[in-house]
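Observations on the model geometry
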Amino acid sequence: MNDTAAPLIDVQGLEAWYGKRRILHDVDFRVEAGEIRVIMGGSGSGKSTLLRHLLGLHRPARGSIRLFGTDIVRAGPRELQQLRRRLGVSFQGGALLTSMTVGENVALPLREHHAELSENQIRIMSRMKLEVVNLGGFHDLMPSQLSGGMVKRAALARAIVMDPQLLFFDEPSAGLDPVVSAELDELILRLRDALRMTIVVVTHELESAFKIADTITVLDQGAVLMTDTVDAVRRSDNERIQDLLNRRPREVVVDTDAYLRRLTEEEA
């Protein structure tokens, strides 16, 4: 398949279960090259589960997931290894190894995927990416010596050290104060423009989502409610979307008899 003609991400009919609980319901999800796509939804909406499936960490019960035209559900280990060279991932808590310096953490993907590089080349490349995220001069510090925002930026430097075409960013603003969060949003926008990356961001922070997104996919109870521009999502007359935008709790009506019947059926 021609990568230039196809979406970078193409998900069709994705369904995921945890035990007897269905988490994702017939999800269709496409991301075009060069865009920043935000996946947004409340707690338990399926955002993290969708991200884990996009990364190939879980196999779906049904459906296909294509990255760069390759169906990762059916791909073999070697094909997946090649594919992951084209991806970068920045995890929610940073996931820096506490026993290594910041520079050593950033260099990890290069050591894993590019054995042909010399130590000097690895050191130069990792320091360049630390400069990109405004952490030049911090390569010899330990993660414990960094602030929360600096940990996020160091993790981002590691995610982009191999110049990926596609970057996944999980909850970039979680736990950060508004000023640091706004700086990180600006950094994400600069990365997209300077390095021509396609970026998928999972977040529940509305202000951040509206600032960085080209398009937003809204998930609720494992289903896609809407995928559209920021303005279109803001103007949506969907009641559940407006509840999310205005942070109104969803009213839950429990049918006790039905609940007890379901428990009995599951135990049987």
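Description of the structure in this document. What you see is a predicted model; the values in this text were computed from it and never measured.

**What to know about the overall build of the protein chain**
Regarding its fold elements, the protein chain presents 10 helices and 10 strands. By its C-alpha atoms, the protein chain is 65 × 45 × 40 Å across when sized along the principal axes. For the protein chain, the proportion of its 268 residues judged to be buried stands at 50%. Accessible area of the protein chain: about 14000 Å², with a carbon and sulfur share of 49%. Distance from the positive charge centre (34 side chains) to the negative charge centre (38 side chains) of the protein chain: 4 Å.

**Section: the pairing of strand 1 (residues 9-18)**
When you tally the buried positions in strand 1, you get 7 out of 10 residues, the bulk of the element. Strand direction decides the pairing type here: strand 1 and strand 2 (residues 21-31), joined by 7 bridges, are antiparallel. Each residue of the ladder has a partner; that of L14, found in strand 2, is V27. The antiparallel hairpin formed by strand 1 and strand 2 contains 2 residues in its connecting segment, where G19 sits at a positive phi of about 65°. Alignment of strand 1 against strand 4 (residues 62-67), held across 5 bridges, turns out to be antiparallel. Bridge pairing in strand 4 links D10 to R66.

**A short note on the packing of helix 5 (residues 148-160) against helix 6 (residues 178-195)**
In a pair of packed helices, the angle between the axes and the distance between the axes together describe the arrangement. Across the interface, helix 5 lies against helix 6 with an axial gap of 10 Å and an inter-helix angle of 15°. Regarding the angle of helix 5 to helix 6, the classification is roughly parallel. Relative to helix 6, helix 5 is oriented so that their crossing is right-handed. Residues G149, K152, R153, L156 and I160 of helix 5 lie in contact with helix 6, whose contacting residues are V180, L184, L187, L191 and L195. Considering only residue class, the contact of helix 5 with helix 6 consists of 7 nonpolar, 1 polar and 2 charged.

**Structural notes on unusual backbone geometry**
Phi is positive for R196, which is not a glycine, with a value near 55°. Along the chain, the position of R196 falls in the loop between helix 6 and strand 8 (198-203). Looking at R196, the relative accessible area reads 73%, which means it is exposed. Despite not being glycine, Q221 has its phi angle at roughly 50°, a positive value. Along the polypeptide, Q221 turns up in the loop between strand 9 (215-220) and strand 10 (223-228).

**A word on the sheet that holds strand 5 (residues 70-71)**
Ordered in space as 2-1-4-5, the 4 strands form an open sheet in which the pairing is antiparallel. Here the strands that pair on one side only, and so sit at the sheet edges, are strand 2 and strand 5. Its contacts with the sheet put helix 1 (residues 47-54) on strand 1, strand 2 and strand 4, and the angle it makes with strand 1 is roughly 120°.

Reading the values: the criteria
Residues numbered from 1 in each chain as written. Predicted model: local features only at pLDDT ≥ 70, side-chain atom pairs only at ≥ 80, totals over all residues. Heavy atoms only, no water. Helix = DSSP H or I, 4+ residues; strand = E, 2+ residues; numbered from the N terminus. Buried < 20%, exposed > 50% of the residue type's maximum accessible area, 1.4 Å probe, protein only. Areas by Shrake-Rupley, 256 points an atom, 1.4 Å probe, with all protein chains shown as cover. Lys, Arg positive; Asp, Glu negative; His and termini not counted. Charge placed at Lys NZ, Arg CZ, Asp CG, Glu CD. Pairing = 2+ DSSP bridges. Axes fitted to C-alpha atoms, helices over the stretch in contact; angles between N-to-C directions. Parallel < 35°, antiparallel > 145°, perpendicular 65-115°, else oblique. Left-handed = near helix turned anticlockwise from the far one by under 90°. Contact = heavy atoms within 4.5 Å. Nonpolar A, V, L, I, M, F, W, Y, C, P; charged D, E, K, R; others polar.

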